[in-house]
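Geometric and topological summary
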Amino acid sequence: MDALELLQTRSSMPRLMEPAPTTEQLEIIKKAAVRVPDHVNLSPYAFYQFMGSDRQVLADIYQQAARLNEFSEERVEQAGQIPFRAPLIITACLRYQRHDKVPREEQFATTACALMAMQQAAFAQGLGAIWRTGWPAQNDYVREQFKCSEDDEIVGFLYIGTPAVPTPIKPEKDYSPYFLTANQVAE
């Protein structure tokens, strides 16, 4: 896929199925993650990969978190199904590093860019992907399982697989209200 076309037609694909990315496709996805803007080259992230039977590890974490939150048995059961919505899930965690020149917000942005770069790399290879957060990203128990310190954060879960249906391309969006001129600053 042409890079400009990719950037202008990106759409999330929530309906994913097997097969998972091949080893070669996954290698490209990983390489894209570590090429994002990263002031002082801190690499303020960690990525956890769950594919195949490894997704059960994530399912167990979600179910335990749901129990600790005193969710209903139905919601606990549903929590265990979440990781099986895609053949591959990559959890992206901010690993904040104190630095005089690079505030936490900038390190968060680097991690978020890495997540988007992985999503774009998946799309460019004909795969489908969607970036999800939801209650698991904010849950203390889930965060602990990913070794998040007080300053760390789960930025998102990237679900990757083969699109179950053609990826719906969103209508083109008018960008003009969001790009202001220098004259508008002075007003």
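Before any of the text, the structure's been laid out above.
Residues numbered from 1 in each chain as written. Predicted model: local features only at pLDDT ≥ 70, side-chain atom pairs only at ≥ 80, totals over all residues. Heavy atoms only, no water.

A look at the overall build of the protein chain
Filter applied, for reference: In this description a helix means any DSSP run of H or I spanning at least four residues, a strand means any run of E spanning at least two, and both kinds are numbered starting from the N terminus. Note on exposure labels: buried denotes an accessible area under 20% of the residue type's maximum, exposed denotes more than 50%, and partly exposed covers the range between, all computed with a 1.4 Å probe on protein chains only. By definition, residues are in contact when any of their heavy atoms lie within 4.5 Å. Residue burial considers only the protein chains on display, and all accessible areas are found by Shrake-Rupley using a 1.4 Å probe.
Summing up its helical and strand segments, the protein chain has eight helices and five strands in all. Helices and strands in the protein chain line up, N terminus first, as α-β-α-β-α-α-β-α-β-α-α-β-α. With the C-alpha coordinates aligned to their principal axes, the bounding extent of the protein chain is approximately 55 × 45 × 35 Å. Counting the 187 residues in the protein chain, one finds 42% classified as buried. Counted over contacts in the protein chain with a minimum sequence separation of 6, partners at least 24 positions apart contribute 80%. Summed over its atoms, the accessible surface of the protein chain is roughly 11,000 Å², and 53% of this surface lies on carbon and sulfur atoms.

Comments concerning the layout of surface pockets
Going by this rule: Grid points spaced at 1 Å over the protein atoms alone were grouped into cavities, where a 1.4 Å probe fits but cannot get out, and pockets, open sets with protein on both sides within 12 Å along at least five of seven lines, with lining residues defined by an atom within 4 Å of a point. Grid points are joined across faces, edges and corners, and a volume is the space filled by probe spheres set on the points.
A volume near 400 Å³ is recorded for the largest pocket. Forming the walls of the largest pocket are 15 residues, and the residues nearest its centre are Leu 7, Gln 8, Thr 9, Glu 172 and Lys 173. Counting only elements with at least two residues in the lining of the largest pocket, the list comes to helix 1 (3-9) and helix 5 (104-124). Looking at which element gives the most residues to the lining of the largest pocket, the answer is helix 1, with three residues.

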